[in-house]
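Remarks on the overall topology
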Amino acid sequence: MNQEYEHEDGPVGEEDEAEATRRAAGDTESSRASRGWWDRNADEYQSEHGAFLGDDRFVWGPEGLDEADAGLLGPADALKGLDVLEIGAGAAQCSRWLAARGARPVALDLSHRQLQHALRIGADVPLVEADAGVLPFRDGSFDLACSAYGAVPFVADPVKVFREVRRVLRPGGRWVFSVTHPIRWAFPDEPGPEGLTVAASYFDRTPYVEQDEEGRAVYVEHHRTIGDRVRDVVAGGFRLIDLVEPEWPEWNSQEWGGWSPLRGNLIPGTAIFVCERD
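Throughout what follows, the structure given in this document is the object of discussion.

So, how was this worked out
Residues numbered from 1 in each chain as written. Predicted model: local features only at pLDDT ≥ 70, side-chain atom pairs only at ≥ 80, totals over all residues. Heavy atoms only, no water. Helix = DSSP H or I, 4+ residues; strand = E, 2+ residues; numbered from the N terminus. Buried < 20%, exposed > 50% of the residue type's maximum accessible area, 1.4 Å probe, protein only. Contact = heavy atoms within 4.5 Å. Areas by Shrake-Rupley, 256 points an atom, 1.4 Å probe, with all protein chains shown as cover. Lys, Arg positive; Asp, Glu negative; His and termini not counted. Charge placed at Lys NZ, Arg CZ, Asp CG, Glu CD. Salt bridge = Lys/Arg side-chain N within 4 Å of Asp/Glu carboxyl O. Polar contact = N/O pair within 3.5 Å; in protein donor to acceptor, adjacent residues only side chain to side chain. Axes fitted to C-alpha atoms, helices over the stretch in contact; angles between N-to-C directions. Nonpolar A, V, L, I, M, F, W, Y, C, P; charged D, E, K, R; others polar. Core = buried A, V, L, I, M, F, W, Y, C linked by side-chain atoms within 4.5 Å. Pairing = 2+ DSSP bridges.

Glancing now at the overall build of the chain. For the chain, the helix and strand inventory stands at seven helices and 10 strands. Taken over the C-alpha atoms alone, the chain extends approximately 45 × 40 × 40 Å along its principal axes. Relative to its full complement of 278 residues, the chain shows a buried share of 55%. Here the contacts in the chain between residues at least 6 apart in sequence split such that 73% fall between residues at least 24 apart. For the chain, the computed accessible surface area is about 11,700 Å², with 49% contributed by carbon and sulfur atoms. Computing the positive centroid from 28 side-chain charges and the negative centroid from 50, the chain places the two 8 Å apart.

Given below as structure tokens:
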């Protein structure tokens, strides 16, 4: 699972000298930056967060909301025999959970290195390396599509992605995706008290970009307000049937980037959009 829900104190390795800025970043630049960042950082990500994610759990975000409890894709006993596309699958943890319930998942990710971790963990789940904006599947190939912090926050044109998802879904198919809660854009990405003071405009949609000395983006994250996300869902051809904002559970004591019990008990950290294709 490529749960891209944190960008801690900046990327590692060659990006230690990256310059953080706010500027425009289009589809091609955003896609290239995401592929490169995850290929370079997949090892550290899986090492640091693999225990929390598990090898075959379906976790929607840092709060730890589990699909086994939430049932956002529908009742677990109704997944058997369904074709499911996981977008931004990373090491395919969510897809393994789906397969264990009799579904037929396909795990798609932009990062070759993340999919190598899926192979390392194992399980008979088809893996596809591709961009979410150009899905390599025929129309009406899937009953469900899901994404736990994968792709959506990092693409310049989410409507393009949503239309692709709609294309590959069968009529009545459900599309469920989680992203960083948009309100977090206004706060510093810090887990402590310093992360509780508004420091930027919630309405500033200028992408956050980290770039190298030659001005090439090595990390890009795009901001959309809650209203933007709803309009994007509708423009993509979906009907929004639920918007879930998981509360921070008492059992979860870990910090993950800007997510922490302190912040999680005061402001939402994740937004999950439950959508259906008419």
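Anyway, onward from the coordinates.
As for its placement among the helices and strands, Glu-86 is situated in strand β2 (residues 83–87). For the buried Glu-86, which has no salt bridge, the nearest side chain bearing the opposite charge is Arg-96, at an N-O separation of 7.6 Å. Only 2.6 Å separates the side chain of Glu-86 from the side chain of Ser-95, close enough to count as a polar contact.

Contact geometry for helix α1 (residues 27–53) and helix α4 (residues 112–121): axes closest at 7 Å, N-to-C directions at 35 degrees. Between α1, through Trp-38, Asp-39, Ala-42, Asp-43, Tyr-45 and Gln-46, and α4, the contact on the second element is made entirely by His-112, Arg-113, Gln-114, His-117 and Arg-120. A class-by-class count of the residues in the contact of α1 with α4 yields three nonpolar, four polar and four charged.

Here the focus is the nonpolar core. The biggest cluster of nonpolar side chains holds 27 residues, and the ones touching the most others in it are Leu-85, Phe-137, Val-165, Trp-175 and Phe-177. Taken together, the elements giving at least two residues each to this core come down to β2, β3 (104–109), β5 (142–148), α5 (158–168), β6 (169–180) and β10 (270–277). Setting aside residues no more than four positions away along its own chain, Trp-175 makes contact with Ile-87, Ala-145, Cys-146, Ser-147, Val-152, Phe-162, Val-165, Leu-169, Phe-238, Phe-273, Val-274 and Cys-275. Ranked by size, the runner-up nonpolar core spans 17 residues in total, among them Val-176, Val-244, Ile-272 and Val-274.

Turning our attention to the sheet that holds β3. Strand order in the open sheet made by the seven strands is β4-β3-β2-β5-β6-β10-β9, with mixed pairing throughout. The sheet is open, and its two borders are formed by β4 (127–129) and β9 (238–244), each paired with just one other strand. In this sheet, neighbouring strand axes are inclined to one another by 20 degrees on average, regardless of whether the strands run parallel or antiparallel. Inspection of the sheet shows β5 paired to β6 by six bridges, in the parallel sense. Following the sheet pairing, Ala-145 is matched in β6 by Trp-175. Along the sheet, helix α3 (residues 93–100) contacts β2, β3 and β5; its crossing angle with β3, the most-contacted strand, is approximately 175 degrees.

Attention shifts here to the pairing of β5. Among the seven residues in β5, six count as buried, and that is most of the element. The pairing of β2 with β5 spans three bridges and is parallel. Looking across to β5, one finds that Leu-85 is bridged to Ala-145.

Here the focus is the pattern of salt bridges. Applying the stated criterion to the full structure yields 19 salt bridges. Two residues, Asp-27 and Lys-160, come together in a salt bridge whose shortest N-O distance is 4.0 Å. Of the two residues, Asp-27 sits in helix α1 while Lys-160 sits in helix α5, which places them 133 residues apart along the sequence. Relative accessible area serves as the criterion here: at 34%, Asp-27 is assigned to the partly exposed category.

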